[in-house]
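Residue-level structure breakdown
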Amino acid sequence: EPPGLLHLLGRALSLGVTEVTVDMSEGPIVSVERTRWAALMDAAAACAEAADYASAEDLLRSALPYVEALPGSDPALSSTCFSLASILVALDRPAEAEPLLMRVHTIEAMRQGPNHPAVAIVLQRLGWLLERLGRLTESEVCLRHALEIRSTAFGPSSPEAEEVLDDLAQVLEA
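These figures come from a predicted structure and were not determined experimentally.

As a further point, take the environment of Ala 48. Locating Ala 48 in the fold gives a position in helix H2 (residues 32-49). The spatial distance from the C-alpha of Ala 48 to the C-alpha of Ala 90 is 9.2 Å, given a sequence separation of 42 residues. Other than its neighbours up to four places away in sequence, Ala 48 contacts Tyr 53, Ala 56 and Ile 87.

For Glu 98, the position within the fold is in helix H5 (residues 94-112). Under the relative-accessibility criterion, Glu 98 is labelled buried at 15%.

All right, on to H5 then. For H5, built from 19 residues, the straight-helix expectation of 27 Å at 1.5 Å per residue is met to within 8% by its first-to-last C-alpha distance of 26 Å. When H5 is considered as a whole, its buried residues turn out to be Pro 94, Ala 97, Glu 98, Leu 100, Leu 101, Val 104, Ile 107, Glu 108 and Ala 109. Where H5 is buried, its residues contact helix H4 (75-90) and helix H6 (117-132). At the exit of H5 stands Gly 113, carrying a positive phi of roughly 100°.

The subject of this paragraph is the environment of Thr 137. Along the chain, Thr 137 turns up in helix H7 (residues 136-154). Placed 35 residues apart in sequence, Thr 137 and Leu 172 show a C-alpha to C-alpha distance of 9.1 Å.

Take the confidence of the model for the protein chain next. Confidence in the prediction for the protein chain averages 84 pLDDT; 81% of positions are at 70 or higher. When pLDDT is averaged over each element of the protein chain, H7 comes out on top at 97 and helix H1 (residues 5-14) at the bottom at 51. Confidence over residues 1-6 falls short of pLDDT 50; this stretch has eight contacts with residues more than four positions distant or in other chains. Counting contacts from residues 26-30, a segment whose pLDDT is below 50, to residues more than four positions away or on other chains yields six contacts.

Rules of the game
- Residues numbered from 1 in each chain as written.
- Predicted model: local features only at pLDDT ≥ 70, side-chain atom pairs only at ≥ 80, totals over all residues.
- Heavy atoms only, no water.
- Helix = DSSP H or I, 4+ residues; strand = E, 2+ residues; numbered from the N terminus.
- Contact = heavy atoms within 4.5 Å.
- Buried < 20%, exposed > 50% of the residue type's maximum accessible area, 1.4 Å probe, protein only.
- Expected span 1.5 Å × (residues − 1).
- pLDDT = per-residue confidence, 0-100.

Dropping the structure here:
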């Protein structure tokens, strides 16, 4: 059972979080669980912004059980895993971030299709992470796929494609 919402929000307030909002962009909140999840995500974002990554990690891990029971393609699950992976990278724990990014890739490919620009974002982040783990061949594969998606979606000379191309060049030079 995750810690109580009031306990976690109290911790966030003690860290200087003065406001927590609930994101309604995905439609109306239909359950207490989703409301709790949204509050935890907002508090985690505020902690991350304040560079309190350990508290952000705790909040995100507390948010995860609220979305784990949702359908596998739910954007809330993808968002939580991506945020937690980013925090783990900030905490210099990239090996722990990898399975989360792999999960996000699976969710986004299932949710939006394997060639959607959102999938390219995840692949680029995964390629970057794999490079840092010394797995250059796997990194190159991810980055080439991200480049293909972004070049098709935005054009080969677009800033989006050039960003991935820069990352790919770093991997090929390593």
